[in-house]
Amino acid sequence: PRGGRRLVRGRVRMTIRAGEEWGHRVERPADLQVFASDADLAAAVVADPAGNYAVSGGDLHRSLGSPALGERAELQRVTIDLLRIDADGRRLAAVAHLVMRRSLWRGRTVAAMNVDHLGAWCVAPRAHPNDGRLDIVDAGADLSWRDRLKARSRLPQGTHVPHPAIDVSSRTSMSWAFDEPVGLWLDAVRQGSERRVAVRVEPDAFALHI
C-alpha cells in the first residue's frame, strides 16, 4: 500500500495519506454484520452506508492483510472508499474492483482497482482502499498472446508491470466508450455487457471493522 499506513489508537482520520494514522479502536458493535464476499458487502453499503460492517473473505479482506475477527471485543474501525459506476445509465457500486473485458487472451482488458488483489493476482500493487483514488490497469488489445501468458504468470507477485502495452494510472474518476459491448464484472460478479462505462471514487463512503 502507498506510504506505509499504520493502524493505531487515536481519533478518526479521513482519507488516508502517506504516513498518517488510519482508523481508531472501538468496542465490537453488537450489530456487526460480517460478509464473506465483496459483492455482498457492496450491496449492504449501498442499502445502508452507516451500518457496522466487517469482512471475512474477498479481495478487500485480502488487501487488508486477511484480518481474523475471532471473538475480539475491540476492533479497528477504518474508513473505506467506494466505487460508483454508471454503466449505460445503470447505477452500480463496488468495494474492490471493476473489470471490463471480452477475454483474458484477446482484446483489451481494463481494471479499476480499489484494492491491490483480484483473487490470487496482485493486479495493482500500489492500490489502497482509502486513498481517494483508483488504480487503472489497462492492457491494450495489441498485447501479444505470449506477453499475456507472461503477464499472467507474473500477476501473483505483482511484477507484470511495467510493460509498454500495460498502462497504469491513478485517478479519481474515469470513463470509457467501447466500439462493441464488453463484459462487466463488479467485485468478481458479472453484470452484463456495456459500451459506455464511467467510474468515480466516493472517498470515506463507509466504515469497516477489522
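Because the structure is predicted, anything quoted here is derived from the model rather than measured.

Re the pairing of strand β5 (residues 90-94)
Right, so step 1: Of the strand pairs in this sheet, strand β4 (residues 74-87) and β5 are connected by five bridges, and their pairing is antiparallel. Bridged to R84 within β5 is A93.
Right, so step 2: Linking β4 back to β5 in an antiparallel pair, the connection comprises two residues, with D88 at a positive phi of about 50 degrees.

Observations concerning the side chain of N130
Right, so step 1: Within the secondary structure layout, N130 lies in the loop between β9 (121-122) and β10 (134-139).
Right, so step 2: Since its relative accessible area comes to 0%, N130 is described here as buried.
Right, so step 3: At 3.1 Å, the side chain of N130 and the side chain of W22 are in polar contact.
Right, so step 4: One polar contact links N130 to T79, side chain to side chain, over a distance of 3.3 Å.

Considerations on the packing of aromatic side chains
Right, so step 1: Within this structure, the stated rule accounts for one aromatic pair.
Right, so step 2: Aromatic pair F35 and Y53: ring centres 5.9 Å apart, planes at 55 degrees, arrangement tilted. With F35 in strand β2 (residues 33-35) and Y53 in strand β3 (residues 53-55), the pair connects residues that are 18 residues apart, well separated along the chain.
Right, so step 3: Of the residues examined, F35 reaches a relative accessible area of 15% and is grouped as buried.
Right, so step 4: For Y53, a relative accessible area of 1% gives the class buried.
Right, so step 5: The aromatic ring of W185 is capped on one face by R101, whose charged end is 4.2 Å from the ring centroid.

Here's the deal with the pattern of salt bridges
Right, so step 1: Following the criterion strictly, the structure yields five salt bridges and no others.
Right, so step 2: Between E194 and R90 there is a salt bridge, and its shortest N-O distance comes to 2.7 Å. With E194 in strand β13 (residues 189-209) and R90 in strand β5, this pair connects stretches of sequence that are 104 residues apart.
Right, so step 3: When its relative accessible area of 12% is taken as the criterion, E194 is described as buried.
Right, so step 4: According to the relative accessible area criterion, R90 is partly exposed, its value standing at 30%.
Right, so step 5: Here E180 ties to R102 by a salt bridge, and the two come within 4.0 Å at their closest N and O atoms. Taken together, the positions of E180 in strand β12 (residues 173-186) and R102 in the loop between β6 (97-101) and β7 (109-113) put the pair 78 residues apart, joining distant regions of the chain.
Right, so step 6: E180 sits in the partly exposed class, given a relative accessible area of 48%.

Looking at helix α1 (residues 38-47)
Residues three or four positions apart in an α-helix share a direction because the helix packs 3.6 residues into each turn.
Right, so step 1: Where α1 is concerned, the buried positions are D38, L41, A42, A44 and V45. For α1, the arc enclosing every buried residue in end-on projection is 165 degrees, short of the 170-degree limit, so these residues lie on one face.
Right, so step 2: In the core, the buried residues of α1 are packed alongside β2, β3, α2 (59-63), β4, β5 and β13.

Some details on the confidence of the model for the chain
It should be kept in mind that the predicted coordinates are not to be read in detail where pLDDT is low.
Right, so step 1: Of all residues in the chain, 76% attain a pLDDT of 70 or more, and the chain-wide mean is 84.
Right, so step 2: For residues 1-14, every residue scores under 50 in pLDDT, and the model assigns this stretch 41 contacts once sequence neighbours within four places are set aside.

Some remarks on the nonpolar core
Here is a general trend for soluble globular proteins: nonpolar side chains tend to be buried in one another's company.
Right, so step 1: Of all hydrophobic cores here, the largest spans 31 residues; its most connected members are L41, Y53, L60, V95, F206 and L208.
Right, so step 2: Going through the elements one at a time, α1, β3, β4, β7, β10 and β13 are the ones with two or more residues in this core.
Right, so step 3: It is α1 that provides the largest number of residues to this core, a total of four residues.
Right, so step 4: Setting aside chain neighbours within four positions, we find L41 in contact with F35, Y53, V55, L60, V95, F206 and L208.
Right, so step 5: By size, the runner-up hydrophobic cluster in this structure holds 19 residues, among which are L92, A94, V182 and V199.

Conventions we followed
Residues numbered from 1 in each chain as written. Predicted model: local features only at pLDDT ≥ 70, side-chain atom pairs only at ≥ 80, totals over all residues. Heavy atoms only, no water. Pairing = 2+ DSSP bridges. Helix = DSSP H or I, 4+ residues; strand = E, 2+ residues; numbered from the N terminus. Buried < 20%, exposed > 50% of the residue type's maximum accessible area, 1.4 Å probe, protein only. Polar contact = N/O pair within 3.5 Å; in protein donor to acceptor, adjacent residues only side chain to side chain. Phe/Tyr/Trp six-rings, centres within 6.5 Å; stacked < 30°, edge-to-face > 60°. Lys NZ or Arg CZ within 6 Å of the ring centre and 35° of its normal. Salt bridge = Lys/Arg side-chain N within 4 Å of Asp/Glu carboxyl O. Arc of directions from axis to C-beta. Contact = heavy atoms within 4.5 Å. pLDDT = per-residue confidence, 0-100. Core = buried A, V, L, I, M, F, W, Y, C linked by side-chain atoms within 4.5 Å.

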